[in-house]
Amino acid sequence: MSEVKLSAATRTNFGKGAARQARRDGLVPGVIYGHGTDPKHVDVEGHGLMMALKTPNVLLSLDIKGDGTELVIPKAVQRHPVKRTLTHVDFLIVKKGEKVTVEVAVVTEGELAAGANMLETLLTTITVEAEATHIPTEVTVSIEGLEAGASIHAKDLVLPAGTTLAVDGETAVLQVVAPQAEEPAAEAATEGEEA
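All values reported here derive from a predicted model rather than from experimental measurement.

## With respect to the overall build of the protein
Part 1 of the argument: Check the secondary structure of the protein and you find 3 helices and 13 strands.
Part 2 of the argument: Against the globule reference of 16 Å for 195 residues, the protein gives a C-alpha radius of gyration of 23 Å, more extended than a compact globule.
Part 3 of the argument: For the C-alpha atoms alone, the extent of the protein along its principal axes is close to 75 × 45 × 25 Å.
Part 4 of the argument: Expressed as a percentage of the 195 residues in the protein, the buried residues total 32%.
Part 5 of the argument: Here the analysis covers contacts within the protein between residues at least 6 apart in sequence; of these, 63% occur between residues at least 24 apart.
Part 6 of the argument: When the accessible surface of the protein is summed, it comes to about 11,300 Å², and 51% of that surface belongs to carbon and sulfur atoms.
Part 7 of the argument: For the protein, the centre of its 17 positive side-chain charges and the centre of its 28 negative side-chain charges are spaced 20 Å apart.

## Observations concerning the pattern of salt bridges
Part 1 of the argument: Tallying each qualifying case throughout the model produces 4 salt bridges.
Part 2 of the argument: In this structure, aspartate 43 and arginine 11 form a salt bridge, with 3.5 Å as the shortest nitrogen-oxygen distance. Taken together, the residues span a long stretch of sequence, with aspartate 43 in strand β3 (residues 37–45) and arginine 11 in the loop between β1 (4–10) and α1 (16–24) at a distance of 32 residues. Summarising the burial analysis for this pair, aspartate 43 and arginine 11 share the class buried.
Part 3 of the argument: In this structure, the salt-bridge partner of aspartate 67 is lysine 40, at a minimum N-O distance of 3.4 Å. Residue aspartate 67 is found in the loop between β4 (60–64) and β5 (68–79), and its partner lysine 40 is found in strand β3; the two are separated by 27 residues along the sequence.
Part 4 of the argument: Residue class for aspartate 67 comes out partly exposed when judged on its relative accessible area of 38%.
Part 5 of the argument: When salt bridges that share partners are traced, they join Lys40, Asp67 and Glu70 into one network.

## A closer look at the side chain of histidine 88
Part 1 of the argument: Turning to its location among the elements, histidine 88 is positioned in strand β6 (residues 86–93).
Part 2 of the argument: Excluding residues within four positions of it along the chain, histidine 88 makes contact with Arg11, Val28, Pro29, Gly30, Val31, Ala76, Val77 and Gln78.

## Structural notes on a positive patch on the surface
Part 1 of the argument: Residues Lys16, Arg20, Arg23 and Arg24 make up a contiguous surface patch of positive charge.
Part 2 of the argument: Mapped onto the secondary structure, arginine 24 falls in helix α1.
Part 3 of the argument: Of the residues examined, arginine 24 reaches a relative accessible area of 59% and is grouped as exposed.

## Brief notes about the nonpolar core
Soluble globular proteins: nonpolar side chains tend toward being buried together.
Part 1 of the argument: Ile73, Val94, Val100, Val102, Ile126, Leu157 and Val173 are the most contacted members of the largest nonpolar core, which totals 20 residues.
Part 2 of the argument: If you list the elements that add at least two residues to this core, you get β5, β7 (99–109), β9 (125–131), β10 (138–142) and β13 (172–177).
Part 3 of the argument: Here the element with the most residues in this core is β7; it accounts for 4 residues.
Part 4 of the argument: Listed in part, the 18 residues of the second largest apolar core include Ala52, Leu62, Ile64 and Phe91.

## So, the sheet that holds strand β8 (residues 118–121)
Part 1 of the argument: One open sheet accounts for 3 strands, arranged β8-β13-β11; its pairing is antiparallel. Both edges of this open sheet fall to β8 and β11 (151–153), since each of them pairs with a single strand only. Adjacent strand axes in the sheet meet at a mean angle of 15 degrees when their direction is disregarded.
Part 2 of the argument: Examined bridge by bridge, β8 and β13 share 4 bridges and lie antiparallel to one another. If you follow threonine 121 over to β13, its bridge partner there is leucine 174.

## Focus on unusual backbone geometry
Part 1 of the argument: One non-glycine residue, histidine 35, lies in positive phi territory at about 55 degrees.
Part 2 of the argument: Locating histidine 35 in the fold gives a position in the loop between β2 (27–34) and β3.
Part 3 of the argument: Phi is positive for arginine 84, close to 65 degrees, though the residue is something other than glycine.

## Describing the environment of arginine 11
Part 1 of the argument: For arginine 11, a relative accessible area of 12% puts it in the buried group.
Part 2 of the argument: Once residues within four sequence positions are removed from consideration, arginine 11 is found in contact with Pro29, Gly30, Val31, His41, Val42, Asp43 and His88.
Part 3 of the argument: At a separation of 3.1 Å, a polar atom in the side chain of arginine 11 contacts the main-chain carbonyl oxygen of glycine 30.

## Some thoughts on the pairing of β13
Part 1 of the argument: As paired elements, β11 and β13 share 3 bridges and run antiparallel to each other. Paired with isoleucine 152 across the strands is leucine 174, a residue of β13.

Criteria and cut-off values
Residues numbered from 1 in each chain as written. Predicted model: local features only at pLDDT ≥ 70, side-chain atom pairs only at ≥ 80, totals over all residues. Heavy atoms only, no water. Helix = DSSP H or I, 4+ residues; strand = E, 2+ residues; numbered from the N terminus. Rg over C-alpha atoms; globule rule 2.2 N^0.38 Å. Buried < 20%, exposed > 50% of the residue type's maximum accessible area, 1.4 Å probe, protein only. Contact = heavy atoms within 4.5 Å. Areas by Shrake-Rupley, 256 points an atom, 1.4 Å probe, with all protein chains shown as cover. Lys, Arg positive; Asp, Glu negative; His and termini not counted. Charge placed at Lys NZ, Arg CZ, Asp CG, Glu CD. Salt bridge = Lys/Arg side-chain N within 4 Å of Asp/Glu carboxyl O. Patch = residues over 30% accessible without salt bridge, like charges linked within 9 Å, V, L, I, M, F, W, Y side chains within 5 Å. Core = buried A, V, L, I, M, F, W, Y, C linked by side-chain atoms within 4.5 Å. Pairing = 2+ DSSP bridges. Axes fitted to C-alpha atoms, helices over the stretch in contact; angles between N-to-C directions. Polar contact = N/O pair within 3.5 Å; in protein donor to acceptor, adjacent residues only side chain to side chain.

Next comes the structure, spelled out in structure tokens:
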């Protein structure tokens with residue numbers, strides 16, 4: 001995964017008023033923390049950050065005016081409840097070669113065996129540990145030809161090199177279920193009247 005470079009500036013004014021002014025100026029307030037350092041309050045360019053966050057677990061290189069560059073990943077993203085615009089982001093400092101624990105999307109490919117079987121997704125993401133500069137965007141699992149009763153556990157997932165599971169290998173991720181036969185509505189109503 002390549003890093004995305006964004007410009008930022010150290011924030012000196014705090015409170016709701018300052019945050020609103022930053023958002024009006026096209027900036028997103030944020031906090032950088034980690035590695036035993038004091039939290040650093042910054043304003044990051046809004047549009048570039050919004051586009052970068054479309055990639056899960058994106059690696060960001062924040063060029064902070066007068067304060068150097070920080071390599072970070074987004075840890076918590078807050079959005080406006082109606083407009084869905086970014087209101088605040090927490091960033092975690094990472095170092096090249098360092099392992100981080102992140103959530104990665106589980107994506108399926110292929111078709112189930114013939115019949116009316118259904119795929120039940122138990123986990124849409126899986127927690128993995130990967131090098132900060134090589135975080136996978138997703139883990140793909142084949143469901144080709146699976147029949148009712150089959151299940152896929154975390155240990156069955158094929159992870160990219162250098163990535164390990166951070167959950168129990170027996171954790172169920174997907175399972176194939178047979179369709180449930182529904183009772184006709186007329187029979188159900190008749191049984192209710194007899195009781």
